[in-house]
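A look at the structure
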Amino acid sequence: MELLTKKVKGAEDILPCDSYKWQFVEDIMRKEAECFGFKEIRTPVFEHTVLFNRSVGETTDVVQKEMYTFDTKGGESITLRPEGTAGAARAYLEHALYNNGLPVKVYYQLTCYRYEKAQAGRQREFHQFGMETYGASDPKADAEMICAVNGIFNRLGVDNIRLEINSIGCKSCRQDYTNALKLYFEEHKDKLCPTCLSRLDRNPMRILDCKNEACHEIAKAAPTVLEYICSDCSQKFNKVKTFLNAADLEYTVNPTIVRGLDYYTNTVFEFVTDCIGAQSTVCGGGRYDGLIEELGGQPTPSLGFAMGIERLLMVMDAQGIEIPKPKTCDVYIAALGEDAEATAFRLVKELREASFNAEFDIVGRGLRAQMKYADKIGAKFSIVIGDDDLSANKAVVKHMKIRDEQYEVPLDERFLDEFIKIYMDIYQKTISTSLNFNEN
Ligand code: HAM
């Protein structure tokens, strides 16, 4: 078979055999966010390019190398979102969400687009779950945000994930640090890549997260930001640590974390694992006290995080965490002959209205093939209807695994009640045996 085309490099299909895993983790994340008082926000997949240039930052890898940017037929420059923070902040301002009282807490689940070198755990289309709080300056908010991430890992049963934190200070202490970095990188100017050379004057901090091998090597010995933060920032950082201690959360201070996006101030953090290879950061976030003002709003201390869902699922897989399999077909009605098919059609409708997962033949198979299919889709019960059953006004119900027991159901208006009785009866029996009723 020659296909017309295949999926674009760096994008993945999520197939029916795997989508339940996504639904499971997304549900858990949503529940955790809601426990913390966050409400979902959904923003468009594309935004005006200027939004990302200004928030993520002109000199970041994301803006300089990775954005999917195009001009529309109307001549507007549009970009597929490379992350969720900027769009959520834009929406917060555009819809004056601050009028509902601060802090405003939102969460999102979205696809992001970055033109990166595709490899395990790094895609060009990927999924993030994120949470953002606007209007909270207290270090308690930083610790609360980190606790929410930790809560998600706990609920999912994920362990062996290190929390690493750092503070990159405020605008004013950043200046001293920037000067120190400039001096340091000037000495290694001849080895920097052309992009980093251009960053030297504009934003030397971004050289620290350049993916070029040579730049990366030089960056290893660069001065670290913690030595430069002012006493106010240092105090705030200490308070964050105090609250993390109070919540019994283990962390290490990693002074090399600066995060690859320009909007961050003060606390930054990452959750890192050793079990999924090179792309080891499952979650990243921090405070961004200047972003809302940068986008035209009032000064609004804000913070958040985003977790890569692909990487999270890789960790769960590597740690052997079982995700409950989805419910399969409760009952398959096999029918032979036109009248029986019409009856099956009616009964399936009744069952579905009563929230049973019910199926019947829609491809015109014979009886044996229908039963084979019922087995394949993991149906718990089968009901077979032929001409004789129609004249007797009753049909045989079988549990697909307890084949030696069979029951009868009437095919008239008593059908649903009788079927439910049988269903419950077998359910009671199977919970007291090793045979799992819900097993596929
Ligand atoms: P980020 O560190 O760029 O931060 O991305 C967050 C997470 O998204 C990463 O830790 C990783 O799990 C996942 N991720 C990033 N790029 C890829 C990729 N190419 N393929 C697969 N997964 C990826 C942000 O995006 C910030 N907006 C987080 C934030 C929210 N900060 C404050 N609020």
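All values derive from a computational prediction rather than experimental measurement.

Sheet architecture is open: three strands sit in the order β2-β4-β3, paired in antiparallel fashion. Whereas interior strands pair on both sides, the edge strands pair on one side only; in this sheet they are β2 (46-48) and β3 (69-71). For this sheet, the mean angle separating the axes of adjacent strands, direction not counted, is 35°. Relative to strand β4 (residues 77-80), β3 runs antiparallel, the two sharing three bridges. Note on β4: the bridge partner recorded for Phe70 is Ile78.

Our focus in this paragraph is the state of the cysteines. What is meant by a disulfide is a covalent connection between two cysteines, made through their sulfur atoms. Inspection of the entire model under this criterion finds zero disulfides. Between Cys193, a free cysteine, and Cys215, which holds the nearest cysteine sulfur, the sulfur-to-sulfur gap is 3.7 Å. Cysteine Cys230 shares no disulfide, and the gap to the nearest cysteine sulfur, in Cys233, comes to 3.5 Å. Relative accessible area serves as the criterion here: at 26%, Cys230 is assigned to the partly exposed category.

When its domains are assigned, the chain resolves into domain 1 (16-170 + 229-318) and domain 2 (331-431). If you average the C-alpha positions of domain 1 and of domain 2, the two centres end up 49 Å apart.

Side chains of Arg365, Arg368, Lys372 and Lys376 sit close together on the surface and give a patch of like positive charge. On the secondary structure map, Arg368 appears in helix α13 (residues 367-376).

Moving on, we come to the pairing of strand β12 (residues 331-335). With respect to burial, β12 is a largely interior element, five of its five residues being buried. Bridge count for β12 against strand β13 (residues 358-360) is three bridges, and the pairing is parallel. Each residue of the ladder has a partner; that of Ile333, found in β13, is Phe360. Tracing the backbone out of β12, into helix α12 (residues 338-353) and back to the parallel element β13 gives a crossover that is right-handed.

Glu83, Thr85, Glu116, Arg259 and Tyr264 are the nearest of the 26 residues found near the ligand. One of the side-chain nitrogen or oxygen atoms of Thr85 is found 2.8 Å away from a nitrogen atom of the ligand. Tyr263 has a polar side-chain atom sitting 2.9 Å from a nitrogen atom of the ligand. Protein coverage of the free-state accessible area of the ligand, which is 660 Å², stands at 96%. Looking at the shell around the ligand, the elements with two or more residues in it are β6 (125-134), β10 (281-287) and β11 (302-308). The dominant element in the shell around the ligand, judged by the number of residues it contributes, is β10, at five residues. Of the residues assigned to the shell around the ligand, the class counts are 10 nonpolar, nine polar and seven charged.

Conventions used here
- Residues numbered from 1 in each chain as written.
- Predicted model: local features only at pLDDT ≥ 70, side-chain atom pairs only at ≥ 80, totals over all residues.
- Heavy atoms only, no water.
- Pairing = 2+ DSSP bridges.
- Helix = DSSP H or I, 4+ residues; strand = E, 2+ residues; numbered from the N terminus.
- Axes fitted to C-alpha atoms, helices over the stretch in contact; angles between N-to-C directions.
- Disulfide = S-S within 2.5 Å.
- Buried < 20%, exposed > 50% of the residue type's maximum accessible area, 1.4 Å probe, protein only.
- Domains from an automatic or database assignment.
- Patch = residues over 30% accessible without salt bridge, like charges linked within 9 Å, V, L, I, M, F, W, Y side chains within 5 Å.
- Areas by Shrake-Rupley, 256 points an atom, 1.4 Å probe, with all protein chains shown as cover.
- Salt bridge = Lys/Arg side-chain N within 4 Å of Asp/Glu carboxyl O.
- Lys, Arg positive; Asp, Glu negative; His and termini not counted.
- Charge placed at Lys NZ, Arg CZ, Asp CG, Glu CD.
- Right-handed = clockwise from strand over helix to strand, strands pointing away.
- Near = heavy atom within 4 Å.
- Polar contact = N/O pair within 3.5 Å; in protein donor to acceptor, adjacent residues only side chain to side chain.
- Nonpolar A, V, L, I, M, F, W, Y, C, P; charged D, E, K, R; others polar.

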